[in-house]
Amino acid sequence: LLHTHMVDLFRVKKLAFQKSHYITNHSHDHSGFSLSLQWESNLTILPNTNAMTYATIHDDLIIISTGLWNKQNELELQLYSTKTKDFPEKCEWKPHSKPPGAATCYALFSYADKLHMVATSSSEDCQLQVWRYSEGSWIVPPADVLAKVNTVPGICQFENFLVVAGGGDLRNSSLASIYVCNLNKSKYTWKEWPDLPEALNGPRLVYYKGKLLVCGGRRRHRSLLQHNSRQIHCIDPRNPTEWMLHDASPLPQWSPGMMCDGEVLIAVGGGDEHTTTVLPDVGQWRGDRWHKLPSLAEACMKPTVLCLPSGLVAFSGQTPGNYPQRHVQWLQL
């Protein structure tokens, strides 16, 4: 009887996990997070924005990119910075030098003591370019032009590599292409890896435990949404021959912000792929399952997440209608 009871209990717990995607049986886990902690919101408000916010840490600054509509009804790129030591209590966003000729930013990162940006150019071809900030000015290093026009791609920088995956073409159809370049080369030469298992617009890319992970995204054919994905596919950058489904798949929710810092993989916010519901859920992948962390103060999709020494920061995000949000949320560890 005891054995039968334990088997039934195991089945109930397994079904509960499959339904919620999370294990929450501890008020405090080994990651340093306590479920009694709470996210704080609006401690610092982002500058006015009409575009997604991307962020990075460079030197002693937090640098963010955004965009504003100008009088010509064009989205104009904006960069701001604040001192890391002043964040969030004494945060003051100041304008930062921006690259001339850049239209829409899709990634900011710091590499080799230099700030880098991946953005579309303001020229008619809208090709992706890499800008580098050096000695007070932005330059475009010599580079091959990407073979296809990409909008809303997934971008990841790890070690000395830059990866651009998926996105959309000029007709807003999703792409499965993936390109890689070596940032240590004098000329950025893009090489192709095997296509993604499915064409995706807006996937999140993270480098986790020696594997490149492509997380979620949406599949479009022209203006028609065909599929919202929660799958996580991975490939070994040292031998990029085959895509595999990662153990952490599926994501606990659709279209979260992703953050990876060493051994920690965290999904922040997101939505229900079948409805327009935005979720405040936050989960950490550890061991062989997703563990629930304290929920966001304000639900959002695709926030940019940074890990500072004293806590997690979720910048901006989007509503289901792709409207950008201005709040900054902070979880102190």
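The numbers attached to residues start from 1 for each chain and follow its sequence in the written order. Local features in this predicted model are restricted to residues of pLDDT 70 or higher, and side-chain atom pairs are both shown and tallied only at a pLDDT of 80 or more, whereas totals for entire chains, interfaces and linings draw on every residue. Heavy atoms from the whole structure form the basis of all side-chain values; hydrogens and water molecules are not counted.

**Let's talk about the pattern of salt bridges**
The working definition used for a salt bridge is a side-chain nitrogen of Lys or Arg within 4 Å of a carboxyl oxygen of Asp or Glu. Per the counting criterion, the structure on display carries seven salt bridges. Measuring nitrogen to oxygen at the nearest pair gives 3.7 Å for the salt bridge that ties Lys-292 to Asp-281. One end of the pair, Lys-292, is in strand β21 (residues 289-293); the other, Asp-281, is in strand β20 (residues 278-286), with 11 residues separating them in the sequence. Burial classes: relative accessible area under 20% of the type maximum marks a residue as buried, over 50% as exposed, and values in between as partly exposed (1.4 Å probe, protein chains only). On the basis of relative accessibility, which here comes to 18%, the residue Asp-281 falls in the buried class. In DSSP terms, a helix is any run of H or I states spanning at least four residues, a strand is any run of E spanning at least two, and both are numbered starting from the N terminus.

**Considering the confidence of the model for the protein**
Across the protein, pLDDT averages 83, with 84% of residues at or above 70. Counting interchain partners and residues more than four positions distant, the pLDDT-below-50 stretch residues 1-19 has four contacts. Known as pLDDT, the predictor's confidence for each residue is given on a scale from 0 to 100. Only heavy atoms matter for contacts: two residues are in contact if any of them lie within 4.5 Å across the pair. Confidence over residues 25-30 falls short of pLDDT 50; this stretch has nine contacts with residues more than four positions distant or in other chains.

**Quick word on the nonpolar core**
Within soluble globular proteins, side chains that are nonpolar tend to cluster in buried spots. Put simply, buried Ala, Val, Leu, Ile, Met, Phe, Trp, Tyr and Cys residues joined by side-chain atoms within 4.5 Å make one nonpolar core. Among the nonpolar cores identified, the biggest contains 31 residues, and Met-117, Val-118, Leu-162 and Trp-190 are the most heavily contacted of them. Every element with two or more residues in this core is listed here: β3 (61-69), β4 (75-83), β6 (102-111), β7 (114-121), β8 (128-134), β11 (161-165) and β12 (178-182). Residues in contact with Met-117, not counting those within four places in the same chain, are Leu-77, Leu-79, Pro-99, Ala-102, Cys-105, Ala-107, Leu-108, Gln-129, Val-130, Trp-131 and Trp-138.

**Observations regarding the state of the cysteines**
In what follows, a disulfide is any cysteine sulfur pair within 2.5 Å. Using the criterion set out here, one finds zero disulfides in the structure. Cysteine Cys-234 is unpaired, with the sulfur of Cys-215 as its nearest cysteine sulfur at 9.7 Å. Classification of Cys-234 by relative accessible area gives buried; the value is 7%.

**As for the environment of Leu-146**
For Leu-146, the position within the fold is in the loop between β9 (137-139) and β10 (154-158). Residue Leu-146 is classed as buried on the basis of its relative accessible area of 3%. C-alpha separation for the pair Leu-146 and Leu-128, spaced 18 residues apart in sequence, amounts to 6.9 Å.

**Quick look at the sheet that holds β21**
When DSSP finds two or more bridges between two strands, those strands count as paired. Taken together, four strands build an open sheet; the order of strands is β18-β19-β20-β21 and the sheet is antiparallel. At either margin of the open sheet sits one strand with a lone partner, and together these are β18 (257-261) and β21. Along the sheet, successive strands turn relative to each other by an average axial angle of 25 degrees, direction set aside. Here β18 runs beside strand β19 (residues 264-271); their pairing, made up of five bridges, is antiparallel. Of the residues in β19, the one forming a bridge with Cys-260 is Leu-265. Angles shown run from 0 to 180 degrees and are taken between the N-to-C directions of axes, each axis being a line fitted to C-alpha atoms and, for helices, limited to the stretch in contact.

**Description of the packing of aromatic side chains**
For Phe, Tyr and Trp, rings pair up if their centres lie within 6.5 Å, where Trp contributes its six-membered ring, and each pair is then called stacked (planes under 30 degrees apart), edge-to-face (over 60) or tilted (otherwise). Applying the stated criterion to the full structure yields seven aromatic pairs. When the ring of Tyr-133 is compared with that of Trp-138, the centres are 5.1 Å apart and the planes differ by 45 degrees; the resulting orientation is tilted. Across the pair, exposure class does not vary: Tyr-133 and Trp-138 are buried alike. Aromatic ring contacts, followed pair by pair, group Phe-87, Trp-93, Phe-315 and Trp-330 into a single cluster.

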